Amino acid sequence: MIGRVTSQTIARSTLANLQSNLSSVSKLQAQLSSGKKVTKASDDPVHASQLMSLRAEQTRNGQYERNVQDASSWLNTIDSALQTASSNLRRVRDLVIQGGNTGIPQIAKDALATEIRELKDGLLTTANTTYLGRSVFAGTSTTEAFTPAYTWTGNDAGHVQRAVADAAEVRVDSNGRNVFGEGASSLFALLDQIATSLEGGGNPADHLDQIDAFSTDIRAELASVGARQRTVENATTQLSDAGLNLTTQVSGIEDIDLAQVILQLQSQHVAYQASLGAASMALTPSLMEFLR
């Protein structure tokens with residue numbers, strides 16, 4: 001038995017097909033205008049889930065990159081300060097050797113003492129170097145590292161750390177007490193003693209061993225900072241590579257193939273126009289068909 005096909009049945013079927021074709025055209029036009037295959041989860045649930053995971057990784061990677069930049073700035077600040085301190089201390093050593101020469105007049109010794117005191121003030125300023133308002137030689141403390149009385153006010157109960165990868169942190173501060181000493185046994189107090197010795201006509205060469213010991217401490221800290229800087233540089237490279245890889249993965253899932261989408265849109269548009277033509281014929285009954 002042949003089923004009866006009514007005009008209403010044809011109309012419903014035709015309109016449903018037209019709506020389906022129009023929906024396909026609309027989807028392709030949206031992809032072409034946005035450049036994205038997936039703009040909402042319903043477009044492709046599997047790929048949408050993958051994109052969410054990848055974007056979470058990108059966010060985490062971006063935070064590590066910011067941490068690495070901050071760590072690098074901390075360590076560069078410390079390195080620059082230690083280089084300055086090392087240079088100034090070499091100048092102090094030269095002045096001490098000059099002051100130890102026999103036959104040097106007192107006026108020359110006084111001039112040497114004045115310069116040494118100026119260098120001491122410069123070293124104290126260097127020891128109080130800050131980065132973004134934080135003293136880099138005060139450990140985890142937020143106060144100035146050294147007081148005018150050469151007291152170290154830092155905190156060595158912990159270190160300032162920056163996470164540069166999962167379960168990987170780098171120390172970015174320095175313990176000023178280990179580098180410059182503290183109080184009467186500090187480098188600053190030693191330079192005061194040397195200047196006083198020169199002003200009193202004494203021989204400051206007796207302090208050369210102490211100067212060399214502080215120079216060794218500064219070089220040791222420079223080596224430590226250099227090792228941490230290499231760790232940060234390696235982390236920077238790894239994070240950059242990871243960021244590029246994540247971007248490539250996201251692009252592979254999300255971005256359209258422009259030529260392919262244009263071709264599909266043209267094909268779908270032709271199909272839609274053909275559907276419209278077929279619908280116009282199917283949905284325009286003659287008077288006799290209507291009366292029948």
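Refer to the structure presented above.
Keep in mind the model is a prediction, meaning the values are calculated, not measured. (Residues numbered from 1 in each chain as written. Predicted model: local features only at pLDDT ≥ 70, side-chain atom pairs only at ≥ 80, totals over all residues. Heavy atoms only, no water.)

Asker: Would you mind going over the overall build of the protein with me for this structure?
Answerer: The number of helices and strands found in the protein is eight helices and four strands. Beginning at the N terminus, the succession of helices and strands in the protein can be written as α-α-α-β-β-β-β-α-α-α-α-α. Each of the 292 residues in the protein was classed as buried or not, and the buried ones make up 37%. Sequence-distant contacts in the protein: of pairs separated by 6 or more residues, those separated by 24 or more amount to 71%. For the protein, the computed accessible surface area is about 16,400 Å², with 53% contributed by carbon and sulfur atoms. (Helix = DSSP H or I, 4+ residues; strand = E, 2+ residues; numbered from the N terminus. Buried < 20%, exposed > 50% of the residue type's maximum accessible area, 1.4 Å probe, protein only. Contact = heavy atoms within 4.5 Å. Areas by Shrake-Rupley, 256 points an atom, 1.4 Å probe, with all protein chains shown as cover.)

Asker: What is the right way to look at the packing of helix 3 (residues 106-127) against helix 5 (residues 187-199) in this model?
Answerer: Pairs of packed helices are described in terms of their axes, by the angle between the two and the distance that separates them. The interhelical angle for the contact between helix 3 and helix 5, taken along N-to-C directions, is 170°, at an axis separation of 8 Å. Between helix 3 and helix 5, the angle falls in the class roughly antiparallel. For the pair formed by helix 3 and helix 5, the contact residues are Gln106, Lys109, Asp110, Leu112, Ala113, Ile116, Arg117, Lys120, Leu123, Leu124 and Ala127 on the first element and Leu187, Phe188, Leu191, Asp192, Ile194, Ala195, Thr196, Leu198 and Glu199 on the second. Taken together, the residues that form the contact of helix 3 with helix 5 break down as 12 nonpolar, two polar and six charged. (Axes fitted to C-alpha atoms, helices over the stretch in contact; angles between N-to-C directions. Parallel < 35°, antiparallel > 145°, perpendicular 65-115°, else oblique. Nonpolar A, V, L, I, M, F, W, Y, C, P; charged D, E, K, R; others polar.)

Asker: Could you clarify how one ought to interpret the environment of Ser185 in this entry?
Answerer: Along the polypeptide, Ser185 turns up in the loop between helix 4 (176-180) and helix 5. A relative accessible area of 54% places Ser185 in the exposed class. A C-alpha to C-alpha distance of 9.2 Å links Ser185 and Tyr150, two positions 35 residues apart in sequence. At 2.9 Å, the side chain of Ser185 forms a polar contact with the backbone oxygen of Glu182. (Polar contact = N/O pair within 3.5 Å; in protein donor to acceptor, adjacent residues only side chain to side chain.)

Asker: Would you mind showing me how to read the layout of surface pockets here?
Answerer: Left-over empty space is what a probe sized like a water molecule reveals as it rolls over the atoms. Counted as a void, the second largest pocket has a volume near 160 Å³. As for the second largest pocket, its lining consists of Glu57, Arg60, Asn61, Tyr64, Val164, Ala165, Asp166, Leu239, Ala242, Asn245 and Leu246. Elements represented by at least two residues in the lining of the second largest pocket include exactly helix 2 (45-99), strand 3 (161-165) and helix 6 (208-254). Its residues assigned to classes, the lining of the second largest pocket comprises six nonpolar, two polar and three charged. (1 Å grid on protein atoms, 1.4 Å probe; cavity = no way out; pocket = protein on both sides within 12 Å on 5 of 7 lines; lining within 4 Å. Points joined across faces, edges and corners; volume = space filled by probe spheres on them.)

Asker: Where do I start with the pairing of strand 4 (residues 168-171) in this structure?
Answerer: Consecutive residues of a regular strand have side chains that alternate between opposite faces of the sheet. With four bridges joining them, strand 3 and strand 4 adopt antiparallel strand pairing. The residue of strand 4 that forms the bridge with Ala163 is Glu169. The turn linking strand 3 back onto strand 4 is made up of two residues, and Ala167 within it adopts a positive phi angle of 60°. (Pairing = 2+ DSSP bridges.)

Asker: Hey, could you run me through unusual backbone geometry in this one?
Answerer: Glycine aside, residues mostly have negative phi angles, and peptide bonds mostly take the trans form. Despite not being glycine, Leu132 has its phi angle at roughly 55°, a positive value. Unlike most non-glycine residues, Tyr150 shows phi in positive territory, near 70°. Among the structural elements, Tyr150 can be located in the loop between strand 2 (134-135) and strand 3.

Asker: Teacher, can you tell me more about the packing of aromatic side chains here?
Answerer: Geometry of an aromatic ring pair is reported as the spacing of the ring centres plus the angle between the planes. A full pass over the atoms with the stated rule returns six aromatic pairs. Judged by centre distance (5.8 Å) and plane angle (20°), the ring pair of Phe180 and Phe188 falls under stacked. In this pair, the class of Phe180 matches that of Phe188, namely buried. A connected cluster of aromatic rings, assembled from ring pairs, spans Phe137, Phe146, Tyr150, Phe180 and Phe188. (Phe/Tyr/Trp six-rings, centres within 6.5 Å; stacked < 30°, edge-to-face > 60°.)

Asker: For this particular structure, what's the right way to read the pattern of salt bridges?
Answerer: Any two side chains of opposite charge can pair, given that their charged atoms come close. Using the criterion set out here, one finds 11 salt bridges in the structure. Across the pair Arg117 and Asp192 runs a salt bridge, and its minimum N-O distance is 3.4 Å. Residue Arg117 is found in helix 3, and its partner Asp192 is found in helix 5; the two are separated by 75 residues along the sequence. Judged by relative accessible area, Arg117 falls into the partly exposed class, the value being 27%. Salt bridges sharing partners connect three or more residues here, namely Arg117, Lys120, Asp121, Asp192 and Glu199. (Salt bridge = Lys/Arg side-chain N within 4 Å of Asp/Glu carboxyl O.)

Asker: So what exactly am I meant to see when it comes to helix 5 here?
Answerer: Because each turn of an α-helix spans 3.6 residues, side chains separated by three or four positions in sequence point in the same direction. Between its first and last C-alpha atoms helix 5 spans 18 Å; for 13 residues at 1.5 Å apiece the expected length is 18 Å, and the two agree. With respect to burial, helix 5 is a largely interior element, 10 of its 13 residues being buried. Taken residue by residue, helix 5 has Leu187, Phe188, Ala189, Leu190, Leu191, Asp192, Ile194, Ala195, Ser197 and Leu198 as its buried positions. Positioned one or two residues after helix 5, Gly201 has a phi angle of 85°, which is positive. (Expected span 1.5 Å × (residues − 1).)

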